[in-house]
Amino acid sequence: MKLGDQLQFVRQNMKRNKTRLFMTILATAMGCAFLIVLASVGFGVQKSIVDRIVGDRLVTSIEVPGKDRDVNDNQGIHSEDIQYFHSIPKVKAVTFKYWVNQPIVIKANGAVIDNDRMLMVDFNAEQQSGTTLSAGRWPEKDNEIVVGYNVFGVNDEGVSKAADRLEQVVKLHVDHYDGGKLATKELDAVIVGVWNEPKREWIEDKAIYIGEGLIGQIEAVTGTLAGEIPYFDETPDPKQLEQRLSEIPKAGEPRQFGGVTVVADKASDVKGISDTLREKSYYVYSVADEVSQINVFFLILKIGLIFVGAIAVLIASIGIFNTMTMAVTERAQDIGIMKAIGAHPSVIKRVFLLESAMIGIIGAVFGTVVAYGISVAVNAGLPALVSMAMGEKLPEGFRFSIIPAYLALLACSISLVVAMLSGYRPAKRATAIDVLSALRRDI
Amino acid sequence: MMIQMSGISHQFTIGKRAKEKVVPVLKNIHLQVEKGEIMAIVGRSGSGKSTLLNLMSGYIRPTEGRIVVAGQDVTGLTEGQWADFRLANYGFIFQSFQLIPGLTAAENVELPLVLKGVDKALRKRRTEELLEQVGMAEYMTHYPGELSGGQQQRVSVARALVMEPPIVLADEPTGSLDSENEKSLLTMIRQLNHELGITFVIITHDEQVAAIANRTLRLRDGAVQHPVPVSGSVQGGVGI
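As the structure is a computational prediction, the values presented were derived from the model and not from experiment.

Draft legend 1. Up close: the pattern of salt bridges. Residues and elements named next belong to chain A. In this structure the tally under the stated criterion is 24 salt bridges over all chains. The shortest N-O distance in the salt bridge between Asp116 and Arg117 comes to 3.0 Å. Arg117 sits in the partly exposed class, given a relative accessible area of 28%. Lys171 is the partner of Asp188 in a salt bridge, and the nearest nitrogen-oxygen pair spans 2.8 Å. With Asp188 in strand 9 (residues 181-195) and Lys171 in strand 8 (residues 169-178), this pair connects stretches of sequence that are 17 residues apart. Asp188 gets classed as partly exposed once you look at its relative accessible area, which sits at 38%. If you follow the salt bridges from partner to partner, you end up with Arg137, Glu140, Glu144 and Glu167 in one network.

This is the structure in structure tokens:
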């Protein structure tokens, strides 16, 4: 017997007692809706809490402060480490910060620009990682720079004044030693962008962000790595200067990067990449680590809620069992006739299992639709209710109930499995119906 | 040889535990049904004739003996194997028609084809042909409850023949019919036997029904009373 014919048969059978069928489907739908709504509270509260914890932090970023000194010769992150990070699958970008080791004075129109540090960054990587500028554009040439949000201060509305300085040429006064004497060389640079606003209002960003090209020019002037030079209270004698300069790494030696952040394609990739990095003895920290602890708690909570909800579906299954048992009893003669003319027992069993599965599916679909409706109503109405009843205002965007697609699918699957289990015994009973008794024949 | 039953005995156990009573129903029956013949099994109520048919149908199993149908030993078939065997080899006509009330005449006739997994178009054509053949073409969409006894029996004959089985087992086929419908059904059986060579085994207590058979087996108290030899040629030689 083909599946299409079995379904047709099931449809015909289901039409026989519509009231009983409706009540059974209603019970299943209620059970399924209860399960989904209950679990959706777990999902909703989890998302709302995690969102608050994560805040504006990039959930896909993994901070790599260094390497395990017990395993590696050097604790710092170098170029080859950055290259290795790029080679890890599902890594979107690798950002870093590299400090210029000289308090370079920057002047615009003769006035000193107030800054607290100069950092070399990979502008392309910053763009890929999702870093944004509050004004201007990303540098394209070696001498183009980006200034921190607070470098030129903020106006009364708290908006950076740096936006007014875009395309302004500034001069970098790079100190170096020329013939044993401290000298200054001016390098031209153009402000093309303003870094995004710091997320925490008490933080001020007074950094100057430069690219690899410009730091190369600085290093060419000083002859040292990161533009570092020694300073003396008095003019040093040549031997003393040579001694101090020899202690400073030369330009071209390996850089040691700070603030290294590996950015994953998706939040779900963070754990895999973190594990890979840990295996290679890197120190790793990500917001996802923090969130994962909370997620474990909510996972247990959600499992508990789904379990409680599943009990409602189990109660509904008693209705399905009852309906199917009644159906088998009522159709005993039909079953007998079918068996008498050659229906295979497995076909009889399958038809009844299909019927109980149909009840489960229809109930689950209705239940899911109702659950979505309740979820929308709860999210819309409960904050207002809490505000009215308790005088407390919930955080904006707080959602009590979220129904991810997989929760709906899980609930439907549970309903289907429970419905089929409920129908199994009646279906088996149907196959055991005695032909002669069903036909009421004289023996 | 279409059906061969050798040394068939059957007994029922009745009563509750510790007070069980064994009732022998059939005793050492030997029976052969030739291909294309109509065999009538006649006997009073309780003679064991229906039990014999039930054994042939596979609804019950013999306590002793061996049954061979269409060259296949069916004695040890499982329930599932029996179902397939019945679908392929037997057509059934019951005294009380045994049509499924929730299905139309056409759906009832179509049922064995549905069970066999035959394509819808072919099913429809075959069903229409059969209902036409038994004079029920205009009642296709009627439910059994909307048909007379004679009409229901015609539908059940159409259902019995829809799979083109080599054997039709009929249990008191005229038992619920008036004389006119009885005559019409018997004519139909003889015609089908004559034209299509279908083997019929008919259980009856009606001598008029038994009269269309090539051979009649008389049962009394579970034993063959006296076999009647073949009357005329078997392969449709009796005529209508």
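Further notes follow.
Draft legend 2. Expanded view of the packing of aromatic side chains. All names here are of chain B. In the structure shown here, the tally under the stated rule is 16 aromatic pairs over all chains. Ring centres of Tyr59 and Phe92 lie 5.7 Å apart, and the angle between their planes is 25°; on these two criteria the pair is classed as stacked. Of this pair, Tyr59 sits in the loop between helix 1 (49-57) and strand 4 (64-69) while Phe92 sits in strand 6 (residues 90-93), and the two are 33 residues apart along the sequence. With relative accessibility at 3%, the residue Phe92 sits in the buried group. Here Trp82 and Phe85 contribute two aromatic rings whose centre-to-centre distance is 5.6 Å and whose plane-to-plane angle is 90°, an arrangement assigned as edge-to-face. Of this pair, Trp82 and Phe85 both sit in helix 2 (residues 79-89), 3 residues apart, roughly one helical turn. By relative accessible area, which is 3% here, Trp82 ends up buried. Classification of Phe85 as buried rests on a relative accessible area of 5%.

Draft legend 3. How the structure looks around the interface of chain B and chain A. In this assembly, 32 residues from chain B lie in contact with 25 residues from chain A. Looking only at chain B, the three residues that lose the most surface to chain A are Tyr59(B), Gln98(B) and Leu115(B), adding up to 24% of its buried area. Where chain B meets chain A, there are 3 salt bridges. Here chain B and chain A share 10 residue pairs in polar contact (both at pLDDT 80 or more) between them.

Draft legend 4. Structural context of empty space enclosed by the protein. All names here are of chain A. Taken as a whole and judged by the stated rule, the model has 5 cavities of 30 Å³ or more. A volume near 120 Å³ is recorded for the largest cavity. Contributing to the lining of the largest cavity are 14 residues, with Phe9, Asn13, Arg331, Asp334 and Met338 lying nearest its centre. Where the lining of the largest cavity is concerned, the elements lending two or more residues are helix 1 (3-14), helix 9 (332-341) and helix 10 (345-390). For the lining of the largest cavity, the element with the most residues is helix 10, which contributes 4 residues.

Draft legend 5. Representation of the side chain of Asn13(A). Turning to its location among the elements, Asn13(A) is positioned in helix 1. When neighbours within four sequence positions are excluded, Asn13(A) is seen to be in contact with Arg331(A), Val351(A) and Glu355(A).

Draft legend 6. Quick peek at the pairing of strand 3 (residues 105-108) of chain A. Residue and element names in this part refer to chain A. Of the two faces of strand 3, only one is covered, namely that formed by Ile106 and Ala108; the face formed by Val105 and Lys107 stays uncovered. Across 2 bridges, strand 3 lies against strand 4 (residues 111-112) in antiparallel orientation. By the bridge assignment for strand 4, Ala108 is matched with Ala111. With antiparallel pairing between neighbouring strands as the criterion, strand 3 and strand 4 make up a hairpin whose turn holds 2 residues, including Asn109 at a positive phi of roughly 50°.

How each quantity is defined
- Residues numbered from 1 in each chain as written.
- Chains lettered and ligands numbered in written order.
- Predicted model: local features only at pLDDT ≥ 70, side-chain atom pairs only at ≥ 80, totals over all residues.
- Heavy atoms only, no water.
- Salt bridge = Lys/Arg side-chain N within 4 Å of Asp/Glu carboxyl O.
- Buried < 20%, exposed > 50% of the residue type's maximum accessible area, 1.4 Å probe, protein only.
- Helix = DSSP H or I, 4+ residues; strand = E, 2+ residues; numbered from the N terminus.
- Phe/Tyr/Trp six-rings, centres within 6.5 Å; stacked < 30°, edge-to-face > 60°.
- Contact = heavy atoms within 4.5 Å.
- Buried area = accessible area lost by both parts, 1.4 Å probe.
- Polar contact = N/O pair within 3.5 Å; in protein donor to acceptor, adjacent residues only side chain to side chain.
- 1 Å grid on protein atoms, 1.4 Å probe; cavity = no way out; pocket = protein on both sides within 12 Å on 5 of 7 lines; lining within 4 Å.
- Points joined across faces, edges and corners; volume = space filled by probe spheres on them.
- Pairing = 2+ DSSP bridges.

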